[in-house]
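Residue-level structural notes
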Amino acid sequence: MDILILEGDGIGPEIAASCACILSHLNAERKLGLTLERRSVGLTTLPTEGSTLPSSVRRAAEQADGIVLAPLSTFSYPPPSEGGINASAEFRTGLNLFANFRPCRRRRVAADGADIDLVVVRENTEGFYACRTMYAGSGEFMPDPQTAFALRKITSGASRAIAREALQLASTRRKKLTVVHKANVLKLSDGLFLETVRSVAVEFPSVEIEEQLVDATAALLVRAPAKFDVVLTTNMFGDILSNEAAEIAGGLGMAPSLNAGADRAMAQAAHGSAPDIAGQNCANPAGLILSTAMLLNWLGHRSRRPELIEAATAIEQAIDTALSDPARCTPDQGGSATTVQFTDAIIHKL
């Protein structure tokens, strides 16, 4: 089983190295049969390859069973015509990784924060994101220097696919699904999304369905996050709400994320590339490591390989153990451990 690890920008190479070390350890100790390959993408390849996503890396991603993508500094990229390709968006659309799962739960008992254990299920391939709206061209355009437009794309096909993923997940948890929308304003696009979700929900009679406006959801997440279990929503709403939930759970640096399609999946932490601390060996790799555990779990269920599922569980338990000791935590979690020391603590537990 082939796993492609892409090092990304900013702190990406450091936390990708942590994931590679943990996967190599598990692969050797548990005989998982993984083939690991590390490649560069982003600002590192731009001057040498003329692109932030070289064609050789794109081909490797298309052939891999799973991808681990470290954070990218896409805001610093040049236009696509000059080689600035957002690998995250390219893989999500090109590989049809239509489902984005972002679990949020409080991991440190001693940490400040509310009790929270939910999963945001986010449609990944359309919505308000300019690069995912059009077959050719951009969903953003300026007819004159003082006017800018952005188009939102919602289809019944993508809405149906993500609704089924969310309902299936809810049926294995607390059997409650909150569908988040803004149909009181976006009557056509969110109206189509809601109508499609309702049509799929009849196939899951055991799941309680609640529909809620996005602004009300944002407020209730702060006041009573325990009310939520599985939250289903469109692309941009899901991005914002999952980041809010991650902060409530203990910080965005802890937030994992998995992009999944029919044939493959991609692990990707929810946080950014943090260029201000790049190279300082102080970044928290937990978000990307937990994302990698989600990838192993997904691959294990898909290929009916329980040893991969067990390895994923072991990673989660090892991270929880490491976080229980403040001395092992990185600075963002109130400790003084380095990225390497935190990684070593996880491997020691494994």
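One structure accompanies this document, and this report is about it.

Rules of the game
- Residues numbered from 1 in each chain as written.
- Predicted model: local features only at pLDDT ≥ 70, side-chain atom pairs only at ≥ 80, totals over all residues.
- Heavy atoms only, no water.
- 1 Å grid on protein atoms, 1.4 Å probe; cavity = no way out; pocket = protein on both sides within 12 Å on 5 of 7 lines; lining within 4 Å.
- Points joined across faces, edges and corners; volume = space filled by probe spheres on them.
- Helix = DSSP H or I, 4+ residues; strand = E, 2+ residues; numbered from the N terminus.
- Nonpolar A, V, L, I, M, F, W, Y, C, P; charged D, E, K, R; others polar.
- Axes fitted to C-alpha atoms, helices over the stretch in contact; angles between N-to-C directions.
- Parallel < 35°, antiparallel > 145°, perpendicular 65-115°, else oblique.
- Left-handed = near helix turned anticlockwise from the far one by under 90°.
- Contact = heavy atoms within 4.5 Å.
- Buried < 20%, exposed > 50% of the residue type's maximum accessible area, 1.4 Å probe, protein only.
- Pairing = 2+ DSSP bridges.

Quick notes on the layout of surface pockets
A volume near 1100 Å³ is recorded for the largest pocket. Along the walls of the largest pocket sit 40 residues, with Thr74, Asn86, Ala89, Cys131 and Arg132 positioned nearest its centre. Only α4 (87–94) and α8 (235–249) provide two or more residues apiece to the lining of the largest pocket. No other element matches α4, which puts five residues into the lining of the largest pocket. Looking at side-chain class alone, the lining of the largest pocket contains 19 nonpolar, 13 polar and eight charged residues. Here the second largest pocket is characterised by a volume of approximately 950 Å³. Along the walls of the second largest pocket sit 35 residues, with Pro103, Val119, Leu169, Met294 and Asn297 positioned nearest its centre. If one sorts the elements of the lining of the second largest pocket by residue count, helix α9 (residues 286–303) sits on top with seven residues.

Here's the deal with the packing of helix α1 (residues 12–30) against helix α11 (residues 339–349)
Between α1 and α11, whose axes approach to 10 Å, the crossing angle comes to 20 degrees. By the criterion of interaxial angle, the relationship of α1 to α11 is roughly parallel. Crossing hand, α1 versus α11: right-handed. Across the interface between the two elements, Glu14, Ser18, Cys21, Ile22 and His25 of α1 pack against Thr339, Thr343, Ile346 and Ile347 of α11. In terms of residue class, the contact of α1 with α11 is built from four nonpolar, four polar and one charged.

Regarding unusual backbone geometry
A positive phi angle, close to 50 degrees, is found at lysine 31, a residue other than glycine. What makes lysine 31 exposed here is its relative accessible area of 68%. You will see that asparagine 96, though not glycine, has its phi angle at about 55 degrees, which is positive. Within the secondary structure, asparagine 96 is located in the loop between α4 and β4 (99–105). Residue class for asparagine 96 comes out partly exposed when judged on its relative accessible area of 43%.

Focus on the sheet that holds strand β11 (residues 258–260)
Pairing in this open sheet of ten strands is mixed, and the strands run β2-β1-β3-β12-β11-β4-β5-β10-β8-β9 from one edge to the other. Two strands lie at the open edges of the sheet, namely β2 (35–39) and β9 (208–213), each paired on one side alone. Pairs of neighbouring strands in the sheet enclose a mean axial angle of 20 degrees, with direction left out of account. Sheet analysis places strand β3 (residues 66–69) next to strand β12 (residues 265–267), joined by three bridges and oriented parallel. Its bridge partner being in β12, isoleucine 67 is matched across the sheet by methionine 266. Sheet strands touched by helix α5 (residues 156–172): β4, β5 (117–123), β8 (176–181), β9 and β10 (230–233). Its angle to β5, the strand with the most contacts, is close to 165 degrees. The sheet strands contacting α9 are β1 (2–6), β3, β4, β11 and β12, and the helix crosses β12 at an angle near 160 degrees.

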